[in-house]
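Topology and contacts: notes
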Amino acid sequence: MGPVKVTCTGTAGLAWPPAHRDMLRSPPLVTMPSDRTDSLFRRCGPEYQAMSFTVSTLPAGHNFSVASGQTLLEAAIAQRIGLPYGCRDGKCGSCTAQLVAGRVSYPSGKTEALAGQPADACLTCQAVPESDVTLRVAELETVADIEVRILPCRVAEKTQLGHDVMRLRLKLPETQRLQFLAGQYLEFILADGRRRAFSIANAPHDDALMELHVRRVPGGEFTDYIFDELKEKTVLRIQGPLGSFVLREQSQRPMLFLGGGTGFAPIKGLLEHAFHLGLEQPMTLYWGVRAARDLYLPELPERWAAEHPNFRWVPVLSEPDPDWSGRRGYVHEAALEDHPDIAAYDVYMSGPPAMVEAGRAAFEGRGLSADHIFSDAFEYAADSPSFKG
Ligand SMILES: Cc1cc2nc3c(=O)[nH]c(=O)nc-3n(C[C@H](O)[C@H](O)[C@H](O)COP(=O)(O)OP(=O)(O)OC[C@H]3O[C@@H](n4cnc5c(N)ncnc54)[C@H](O)[C@@H]3O)c2cc1C
Ligand code: FES
């Protein structure tokens, strides 16, 4: 594979909020070899050229190289090998592969998601090889086909949708398009290299602007900035698309979508894509929030239900208002109550990690194979040193 041009366009002369001018400043234009795009900000030293190991995947039979100290997933993303992943922080388990041969270590110590897993489970987002390695893993060809890029983007629209949710619509430079799959996410890159992940809420057929739904985290550095200071026309820097929470378009199985809070965002993208494709199997959305005021776009699933006879939605409130006559409790329990035959479904879940984990355990307990559970957990300890500048 040839070199990939990573364009980090400067933004001099644009209107930055003074307090954040330094935080969000872009670096200059750089051109890197293709196997260095994702670890752009930390692997420019001589150690990068040091020993590398080869990773082979089963059953796909791909081979890729991992530089000394690089994680398996970093190398795979850079070389467009479609390993599945989510949080990249050792927490969600989406990147788990079976280590068939070879040795790995976990220098970051972030191995939370290995708890309870078989001894040969390997978290590719944290694992660093100590020899050549063979992994058994279900690769995603379509995700691998897409180039991960760093781009500037301008805030075209900022709209408060609910008491703690802001919708941002981002415009890319005129000559640029960000190719992505419905359900993927992007990361804002701060000047110090830290990142903040947000799911893309629009579908690829409607990509003039990139839509995000941002929930304000009390005391959250970046989300406070978005709510209190960010102005329309501000230019930010993003990297994307990332993640493997995408629609399995070839599947004929009925689909359940579970969103917790702004976990609705990637599901909106998945559903709009499914409607656009004309998929005909039954699709049900369970949107879990605390109280009715947290349903920040209720008219949208209402409209989908009116337009698509194969779609219905169920709002589920965990701390309902006294006059609420709809479903109460946890969203995964409501879905399970209504679907004793859940083993026949494809289930897509996104939102708080606790919701995703509870859903996964409950559904697997009722016989749904892990191969039919797709999820994006909104892990938030994203200040991973492996992605710092
Ligand atoms: C793949 C992925 C996709 C995501 N998509 C979305 C999305 O579409 N919409 C969205 O609103 N969020 C999404 N998130 C979560 C989002 O990235 C975090 O809420 C955000 O990074 C918080 O940044 P901050 O600087 O405001 O908070 P920080 O300053 O980083 O955190 C401040 C404090 O709040 C805690 N905290 C941070 N985030 C959360 C949280 N989400 N929930 C509870 N406590 C938190 C931290 O532990 C810390 O104590 C996604 C996360 C991931 C990994
Ligand atoms: S644990 Fe590796 S991607 Fe979440």
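Residues numbered from 1 in each chain as written. Chains lettered and ligands numbered in written order. Predicted model: local features only at pLDDT ≥ 70, side-chain atom pairs only at ≥ 80, totals over all residues.

**Some points on the overall build of the chain**
Across its full length, the chain carries 7 helices and 21 strands. Out of the 389 residues in the chain, the part that is buried amounts to 44%. Taking as baseline every contact in the chain between residues at least 6 positions apart, the subset at least 24 positions apart corresponds to 71%. (Helix = DSSP H or I, 4+ residues; strand = E, 2+ residues; numbered from the N terminus. Buried ≥ 20, exposed ≤ 12 C-beta atoms within 10 Å, placed from the backbone. Contact = placed C-beta atoms within 7 Å.)

**Points about the nonpolar core**
Counting residues in hydrophobic clusters, the biggest one holds 100 residues, and the most contacted among them are Phe257 and Tyr286. Residues within four places of tyrosine 286 in sequence aside, it is in contact with Leu256, Leu258, Val314, Val316, Val331, Ala334 and Ala335. (Core = buried A, V, L, I, M, F, W, Y, C linked by C-beta atoms within 7 Å.)

**Structural notes on the environment of leucine 295**
By the element assignment, leucine 295 lies in the loop between strand E17 (283–289) and helix H5 (299–307). Of the residues examined, leucine 295 has 21 C-beta atoms within 10 Å and is grouped as buried. Along the chain, leucine 295 and threonine 262 lie 33 residues apart, while their C-alpha atoms are 9.1 Å from each other. When residues no more than four places from it in sequence are discounted, the contact partners of leucine 295 are Trp287, Val289 and Pro315.

**Some remarks on helix H3 (residues 221–228)**
Considered for burial, the residues of H3 that qualify are Phe222, Thr223 and Ile226. Taken around the axis of H3, the buried residues stretch over an arc of 95°, which confines them to a single face. In this structure, H3 carries Glu221 and Asp228 as exposed residues pointing more than 90 degrees from its buried face. Elements that come into contact with the buried residues of H3 comprise strand E11 (165–171), strand E12 (185–189), strand E13 (195–199) and strand E14 (210–215). (Arc of directions from axis to C-beta.)

**Structural notes on the site of ligand 1**
The immediate surroundings of ligand 1 are formed by 24 residues, with Arg215, Gly220, Phe222, Thr223 and Tyr380 found nearest. Listed by contribution, the elements that provide at least two residues to the shell around ligand 1 are E13, E14 and H3. At 4 residues, the largest contribution of residues to the shell around ligand 1 is made by E13. Here the residues of the shell around ligand 1 sort into 11 nonpolar, 8 polar and 5 charged. For the shell around ligand 1, the two domains that each supply at least three residues are domain 1 (4–31 + 146–244) and domain 3 (255–377). (Near = placed C-beta within 6 Å. Nonpolar A, V, L, I, M, F, W, Y, C, P; charged D, E, K, R; others polar. Domains from an automatic or database assignment.)

**A few points about the sheet that holds strand E19 (residues 327–328)**
If you walk across this open sheet you meet the 6 strands as E19-E18-E17-E16-E20-E21, and the pairing is parallel. For this open sheet the edge positions go to E19 and strand E21 (373–377), each flanked by a neighbour on one side alone. Here strand E16 (residues 255–260) runs beside E17; their pairing, made up of 6 bridges, is parallel. Within E17, the position partnered with glycine 260 by the bridge is glycine 288. Against the sheet, helix H7 (residues 353–365) contacts E16, E17, strand E20 (346–351) and E21, and its axis sits at roughly 165° relative to E21. (Pairing = 2+ DSSP bridges. Axes fitted to C-alpha atoms, helices over the stretch in contact; angles between N-to-C directions.)

**Thoughts on helix H6 (residues 331–338)**
Among all positions of H6, only Val331, His332, Ala334 and Ala335 are buried. Taken end-on, H6 shows its buried residues confined to a sector of 160°, consistent with a single buried face. Lining the buried residues of H6 we find E16, E17, strand E18 (311–317), E19 and H7.

**Points about the pairing of strand E4 (residues 63–67)**
Side-chain positions along a regular strand alternate between the two faces of the sheet. With 5 bridges connecting them, strand E3 (residues 52–58) and E4 associate as antiparallel partners. Bridge pairing links serine 52 to alanine 67 in E4. In this antiparallel pair of consecutive strands, E3 and E4, the connection spans 4 residues, and glycine 61 shows a positive phi of 80°.

**Thoughts on the confidence of the model for the chain**
Atomic detail in the predicted coordinates should be set aside for any region of low pLDDT. In the predicted model, the chain carries a mean pLDDT of 85, and 85% of its residues have values of at least 70. Note that pLDDT drops below 50 for residues 1–49; the model gives that stretch 85 contacts with residues more than four away or on any other chain. Across residues 384–389, where pLDDT falls below 50, the model places 14 contacts with residues more than four positions away in sequence or in other chains. (pLDDT = per-residue confidence, 0-100.)

**Overview of the pairing of E12**
Taken across its 5 residues, E12 has 5 buried, putting it largely inside the fold. Judged by which residues are buried, E12 turns out to be covered on both faces: Tyr185, Glu187 and Ile189 on one side and Leu186 and Phe188 on the other are all buried. Bridging between E12 and E13 involves 5 bridges; their strand directions are antiparallel. Across the sheet, the residue bridging to isoleucine 189 is arginine 195, located in E13. Count of turn residues in the E12/E13 antiparallel hairpin: 5 residues, of which glycine 193 carries a positive phi of about 95°. As paired elements, E12 and strand E15 (residues 235–242) share 3 bridges and run antiparallel to each other. Looking at E15, one finds that tyrosine 185 is bridged to leucine 242.

**Details of the environment of cysteine 122**
Secondary-structure assignment places cysteine 122 in strand E7 (residues 121–123). With 24 C-beta atoms counted inside 10 Å, the residue cysteine 122 sits in the buried group. Each C-alpha atom of the pair cysteine 122 and leucine 135 lies 8.4 Å from the other, and the pair is 13 residues apart in sequence. Among all residues touching cysteine 122, those that are not within four sequence positions of it are Thr96, Ala97, Gln98, Leu99, Val104, Ala127 and Leu135.

**Quick notes on the packing of H6 against H7**
One can describe the packing of H6 onto H7 by two numbers: an axis separation of 9 Å at closest approach and a directional angle of 25°. The angle between the axes of H6 and H7 places the two elements in the roughly parallel class. In the crossing of H6 with H7, the sense of the turn from one axis to the other is right-handed. Two secondary-structure elements touch here, H6 through Val331, His332 and Leu336 and H7 through Met355, Ala358, Gly359 and Ala362. Here the contact of H6 with H7 is composed, by residue class, of 5 nonpolar, 2 polar and no charged. (Parallel < 35°, antiparallel > 145°, perpendicular 65-115°, else oblique. Left-handed = near helix turned anticlockwise from the far one by under 90°.)

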